[in-house]
Amino acid sequence: MRAVIVGAVESTRVTLRALADAPGWEAAALITLPPELAARHSDFVDMSAEAAEAGARVIHASDSNAPDVLEAVSALAPDYVFVIGWSQICKPAFRQAAGGQVIGYHPAPLPRLRGRAVIPWTILLDEKITASTLFWIDDGVDSGPILAQRYFHIAPDETAASLYRQHMEALDRMLRESLPMLAQGSAPRLVQDERHATWATKRTPADGRIDWTLPAAEIDRLIRAVGRPYPGAFTETKAERLTIWAARPWPESARHAAMPGQVVARNEGGFVVRCGDGGALEITDFTIASGQPPRLHSMLGSAR
């Protein structure tokens with residue numbers, strides 16, 4: 001079976017490796033971003049060397065729906081195209097060039113949480129269970145019939161990095177189970193139940209700004225949701241911006257009178273900030289643009 005892969009992140013690499021390992025499958029080409037556009041994805045992965053090892057032609061493209069890309073896909077005559085780890089919608093012309101057999105991936109229990117920034121939203125919404133989903137791409141957004149779906153629980157202290165890793169493991173298992181069925185033409189096409197559909201809107205790095213007047217649990221969720229491999233939650237002192245990667249509840253908050261956003265304690269590895277509900281968070285991992293130790297003032301700049 002002849003496959004084309006479209007993508008530029010870790011899930012794309014998982015797909016490339018699964019196809020390279022699968023008997024009877026050939027990864028004919030990888031359509032991916034050129035290195036100079038790597039900033040489009042905070043989790044960008046350069047797979048040029050790995051694609052070459054797998055015998056896949058590398059096609060750099062900024063727009064998967066561009067005429068030259070459509071021409072290249074049509075000429076490759078793939079049995080299936082895997083659009084996994086790519087932020088652009090596959091328009092009808094792309095699907096036609098691909099022969100109509102286009103498979104997508106979404107790190108959510110479709111039809112729930114269609115859309116963008118799903119891993120951060122999963123943590124922000126305090127979801128208890130999620131799923132990875134392979135589906136057949138149609139005219140909608142994440143709305144096509146389901147090929148495979150794997151559910152798993154979300155830990156109370158789940159981070160973007162740990163959830164991302166679980167999704168990659170689930171994707172790898174689903175691909176390795178689905179590729180034989182796809183080769184045989186017996187893969188499922190389970191129609192999504194629109195009654196249960198929800199949507200997640202786009203997030204930007206600016207949405208990581210911390211409002212210290214919120215409850216400690218909400219701020220903690222934000223820090224966990226937008227941490228690595230994403231841009232991170234951030235706050236400011238009067239002099240500099242801090243990106244906060246990790247925090248934990250601080251049990252001594254009741255013994256300190258302070259305003260939201262005030263630093264109430266410092267230690268060798270970090271500092272403690274009062275939150276809007278009277279709780280506090282100990283900041284255990286943070287960076288600043290200058291690379292110098294932060295000059296913490298009594299009040300962080302983003303307190304409302």
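The protein goes by Methionyl-tRNA formyltransferase in an unreviewed UniProt entry, where it is assigned to Tardibacter chloracetimidivorans.

Visitor: So what exactly am I meant to see when it comes to the nonpolar core here?
Guide: As a rule of thumb, soluble globular proteins bury nonpolar side chains together. Counting residues in hydrophobic clusters, the biggest one holds 58 residues, and the most contacted among them are W25, F82, L134 and L182. Per-element accounting of this core gives the leading share, 10 residues, to helix α6 (residues 160–184). Both domains that meet at this core, namely domain 1 (2–200) and domain 2 (205–299), each give it at least three residues. Discounting chain neighbours no more than four positions away, the residues touching W25 are M1, A3, L19, Y80, F82, L179, L182 and A183. Counting 26 residues, the second-largest nonpolar core is a separate cluster that includes I31, V69, L76 and F135.

Visitor: Looking at this model, I keep getting lost on the domain arrangement of the protein. Mind explaining?
Guide: Interfaces are often sized by the accessible area lost when the parts come together. When the domains of the protein are assigned, the result is domain 1 (2–200) and domain 2 (205–299). A C-alpha centroid distance of 35 Å is found between domain 1 and domain 2. Every contact between the two is made by 14 residues of domain 1 and, on the other side, 10 residues of domain 2. In total, about 990 Å² of surface goes out of reach between domain 1 and domain 2, with carbon and sulfur atoms giving 63% of it. Taken together, the links from domain 1 to domain 2 amount to zero salt bridges. For the pair domain 1 and domain 2, the interface holds five residue pairs in polar contact (both at pLDDT 80 or more). Contributions of two or more residues to the side of domain 1 that touches domain 2 are made by α5 (118–124) and α6. Looking at the side of domain 1 that touches domain 2 element by element, the count peaks at four residues for α5. A breakdown of the residues in the side of domain 1 that touches domain 2 according to their chemical character gives eight nonpolar, two polar and four charged.

Visitor: Any chance you could explain the pairing of strand β10 (residues 233–236) here in plain terms?
Guide: Every regular strand shows the same layout, with side chains that alternate between the two sheet faces. Burial along β10 is two-sided: A233 and T235 facing one way and F234 and E236 facing the other are all buried. Alignment of β10 against strand β11 (residues 241–249), held across four bridges, turns out to be antiparallel. Pairing of T235 across the sheet is with L242, part of β11. Remark: four residues form the turn of the hairpin made by β10 and β11, two consecutive strands paired antiparallel.

Visitor: Would you mind going over the packing of helix α1 (residues 10–21) against α6 with me for this structure?
Guide: Axis angle and axis distance: for two packed helices, these are the angle between their axes and the distance between the axes, and together they describe the pair. Close contact between α1 and α6 brings their axes to 10 Å; oriented N to C, the two are set at 30°. When the interaxial angle is binned, α1 and α6 end up roughly parallel. Seen from above, α1 lies across α6 with right-handed handedness. The residues of α6 that touch α1, namely those facing E10, S11, V14, T15, R17, A18, L19 and D21, are Y164, M168, L171, D172, L175, R176 and L179. Within the contact of α1 with α6, the residues separate by chemical class into eight nonpolar, two polar and five charged.

Cut-offs applied
- Residues numbered from 1 in each chain as written.
- Predicted model: local features only at pLDDT ≥ 70, side-chain atom pairs only at ≥ 80, totals over all residues.
- Heavy atoms only, no water.
- Core = buried A, V, L, I, M, F, W, Y, C linked by side-chain atoms within 4.5 Å.
- Buried < 20%, exposed > 50% of the residue type's maximum accessible area, 1.4 Å probe, protein only.
- Helix = DSSP H or I, 4+ residues; strand = E, 2+ residues; numbered from the N terminus.
- Domains from an automatic or database assignment.
- Contact = heavy atoms within 4.5 Å.
- Buried area = accessible area lost by both parts, 1.4 Å probe.
- Salt bridge = Lys/Arg side-chain N within 4 Å of Asp/Glu carboxyl O.
- Polar contact = N/O pair within 3.5 Å; in protein donor to acceptor, adjacent residues only side chain to side chain.
- Nonpolar A, V, L, I, M, F, W, Y, C, P; charged D, E, K, R; others polar.
- Pairing = 2+ DSSP bridges.
- Axes fitted to C-alpha atoms, helices over the stretch in contact; angles between N-to-C directions.
- Parallel < 35°, antiparallel > 145°, perpendicular 65-115°, else oblique.
- Left-handed = near helix turned anticlockwise from the far one by under 90°.

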